[in-house]
Amino acid sequence: MFTRTAVRVVARAAPRGTRAASVDAGASDYFAKRDAIRAHAAETTQLWRRISFFVCVPATIVCALWVRNVEAEHAEHVEHIKAEHDGHLPEIPQYEYMNRRLKPYPWGMNSLFYNPHVNKDLEQE
């Protein structure tokens, strides 16, 4: 029993492989790594700032112009339809599966996203 305990104590006290950090590493190595990290952070910050200004901002402007063009075409088409029907849009067919409300919302029959220019007013029914 004593030999077994002695073997365990010796086995626990023995070094188990190499350590990750060397004992010789001084303060200069720490400061060099810290300066390298700061330099890398500055370079990365500058890279993403350039990507934001030279890629994201122009892409946002291009998308806004495209949406403006599409909406202008749609408005022109709606005006054309109105011109063909004496100034108003034709009546939308009353399909039984469209705009079904069996009981009203707490705020009324129309949804929260009701737009009188686009949606049918269900309060009038």
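First things first, this report covers the structure right here in the doc. (Residues numbered from 1 in each chain as written. Predicted model: local features only at pLDDT ≥ 70, side-chain atom pairs only at ≥ 80, totals over all residues. Heavy atoms only, no water.)

## Section: helix H2 (residues 27-84)
For clarity, the cut-off: What counts as a helix is a DSSP run of H or I of at least four residues, what counts as a strand is a run of E of at least two, and both are numbered from the N terminus. To estimate the expected span of a helix, count its residues, drop one, and scale the result by 1.5 Å. Note that the bend at a residue is defined as the angle between axes fitted to the seven residues ending at it and the seven residues starting at it.
With 58 residues, H2 extends 83 Å from end C-alpha to end C-alpha; this agrees with the ideal 86 Å at 1.5 Å per step. The largest bend in H2 comes to about 30°, at Ser52. Count one or two residues on from H2 and you reach Asp86, which has phi positive near 55°.

## Here we look at the packing of aromatic side chains
Defined as follows: Any pair of Phe, Tyr and Trp rings, taking the six-membered ring for Trp, is counted once the centres come within 6.5 Å. Such a pair is stacked with planes under 30 degrees apart, edge-to-face with planes over 60 apart, and tilted for the rest. Note on classification: 1.4 Å probe, protein chains only; a residue is buried when its accessible area is under 20% of the maximum for its type, exposed when over 50%, partly exposed between these limits.
Per the stated rule, a full pass over the model turns up 3 aromatic pairs. Note on Tyr105 and Trp107: the rings are 5.0 Å apart at their centroids and 10° apart in plane angle, and the pair reads as stacked. Take Tyr105: its relative accessible area is 32%, and that puts it in the partly exposed class.

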